[in-house]
Amino acid sequence: MDSKLAIFGGPKAIQIEQPHYMWPVISKETENAVLEQLHKTISIYDKSGIIDDVEKQLANYYKRKYALLINSGTMALYTMFVSAGLKKGDEVIVPVYNFPASVTPLFFIGAIPILCDAESVTGNIDPKAIEKKITKKTKAISVTHMWGIPCDMDEICEIAERHGLMLFEDFSHSHGAEFKGKLTGSFGNSAAASLQGQKILTGGEGGVFLTDDKEMYDKAILLGHYNKRALQEIEKDSPLYKFGVTGMGFKLRVHPLAAAIIHEQFPHLNEWLRQKRIFANLMNNFLKDMAGVETLDVPSYKKPSWYAYLFRYKSKELGGLEIEKFYKALKAEGCSEADIPKSTCPLNALPLFKNPNELFDGYKAPSPEQFPMAEDFYNNTIKLPVWTDSKDKVFVDLYLKTIEKVVINYRELL
Ligand SMILES: Cc1ncc(COP(=O)(O)O)c(C=O)c1O
């Protein structure tokens, strides 16, 4: 690669037109699946047809008794919290470094999110920090497998069990990720995930709720799948059955066209994961000894889904060059898909978490707190896509070579 940096007028390292990464994969088969569903029915009131097909696919894959499709990941998370019987004032320990919607539904219940710092390697919730946050009011721990890397589930499950707490998982980033051979989404009392357009498994919009607990499942149905479906699935002798016609009042059904997309995409999940793992391995090997870059040290018993590939930027190793300057230089070279995520961040910095009292009754502004590990991770990581098609190796190679080019020439940027 030419050594003159593009930011100073040199030729761009990547000359291929954008976009370099397109997701989801919309094939002829996806189009056909949508058209077929369009002509069958576009409103499904109960557990039947394409809804039932996808729910069975997901329940089987995740080895869960129940899978319920929901219209978004955010509402799947809300369903997870409501169906667990959380009440006003209950405390739920959540990762501070997180996507906001993983936690915000708690505000509609009056439950208190207790933000917890990250561990330094992956940015995931730190089991050691969890213990310190447990009080008499703690009812649950809710983890998010950030960017597709499983959390430390041995420690987290043990803590939940020892303290008699419920455990929830947000596996929006980690479809198909495994911890010691077990899929994320199958550890907790219940789990929720987004199936929105960027997710590895997607319907464009949508979400899924998983549990083995019939009572939680019935409550999840009552929350957003009233009348036909509630009367079909809740047992007649259940105390919840009498609410079947109205449910709890929401309607959270997924669109059948979204279900048709998920159904068509699902059989590709494992081949995408396989290719992502090959590319992530290649990226790790290329970057692991490079100055200024630290790859995330993931133990072999964790098999990430590689929703994204994050590396740590080590400014000190490049003469103190700020991450923003390094990032701008990458962008100027044509790394259009490199990203520094903004809204996935330490949640304590967001106005809603600083002042929930201004929007929700019954909340106090929490006292300011530092989350040094989460902040450090957030401020010093750069995100790349992980491609799913072997033909895209050209992009993987180009992006890696471009990072190398900027590292080699970093002095020009100081
Ligand atoms: C970790 C995580 N949780 C929850 C959500 C919310 O899902 P949705 O956008 O489907 O409502 C997202 C979406 O990006 C997410 O990344």
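As a starting point, this report considers the structure included with it. (Residues numbered from 1 in each chain as written. Predicted model: local features only at pLDDT ≥ 70, side-chain atom pairs only at ≥ 80, totals over all residues. Heavy atoms only, no water.)

**Overview of the sheet that holds strand 13 (residues 309-313)**
Point 1. The antiparallel open sheet is built from 3 strands, whose spatial order is 11-13-15. Two strands bound the open sheet, and with one partner strand each, they are strand 11 (293-295) and strand 15 (381-384). Strand-to-strand twist of the sheet, defined as the mean angle between neighbouring strand axes without regard to direction, takes the value 35°.
Point 2. On the sheet, helix 10 (residues 323-332) packs against strand 13 and strand 15 and is oriented at approximately 20° with respect to strand 15. (Pairing = 2+ DSSP bridges. Helix = DSSP H or I, 4+ residues; strand = E, 2+ residues; numbered from the N terminus. Axes fitted to C-alpha atoms, helices over the stretch in contact; angles between N-to-C directions. Contact = heavy atoms within 4.5 Å.)

**Observations regarding the site of the ligand**
Point 1. The full set close to the ligand counts 14 residues, and Gly 73, Thr 74, Asp 170, Ser 194 and Lys 199 are the nearest of them.
Point 2. A distance of 2.8 Å separates an oxygen atom of the ligand from a polar backbone atom of Gly 73.
Point 3. Contacts to the ligand include Asp 170, whose side-chain N or O atom sits 2.7 Å from a nitrogen atom.
Point 4. Taken by itself the ligand offers 390 Å² of open surface, and the protein chains cover 90% of this.
Point 5. Ranked by residues supplied to the shell around the ligand, first place goes to helix 3 (residues 73-83) with 3 residues. (Near = heavy atom within 4 Å. Polar contact = N/O pair within 3.5 Å; in protein donor to acceptor, adjacent residues only side chain to side chain. Areas by Shrake-Rupley, 256 points an atom, 1.4 Å probe, with all protein chains shown as cover.)

**Considerations on the pattern of salt bridges**
Point 1. A full pass over the atoms with the stated rule returns 24 salt bridges.
Point 2. The salt bridge involving Lys 56 is made with Asp 52; its shortest N-O contact spans 2.9 Å. Of this pair, Lys 56 and Asp 52 both sit in helix 2 (residues 49-62), 4 residues apart, which is roughly one turn of that helix.
Point 3. Residue Asp 52 is classed as buried on the basis of its relative accessible area, which comes to 13%.
Point 4. Between Arg 229 and Glu 55 there is a salt bridge, with its nearest N and O atoms 2.7 Å apart. With Arg 229 in helix 7 (residues 228-233) and Glu 55 in helix 2, the pair connects residues that are 174 residues apart, well separated along the chain. Each of the two residues, Arg 229 as well as Glu 55, counts as buried.
Point 5. Through salt bridges with shared partners, a single network forms among Lys 47, Asp 52, Glu 55, Lys 56, Arg 229 and Glu 233. (Salt bridge = Lys/Arg side-chain N within 4 Å of Asp/Glu carboxyl O. Buried < 20%, exposed > 50% of the residue type's maximum accessible area, 1.4 Å probe, protein only.)

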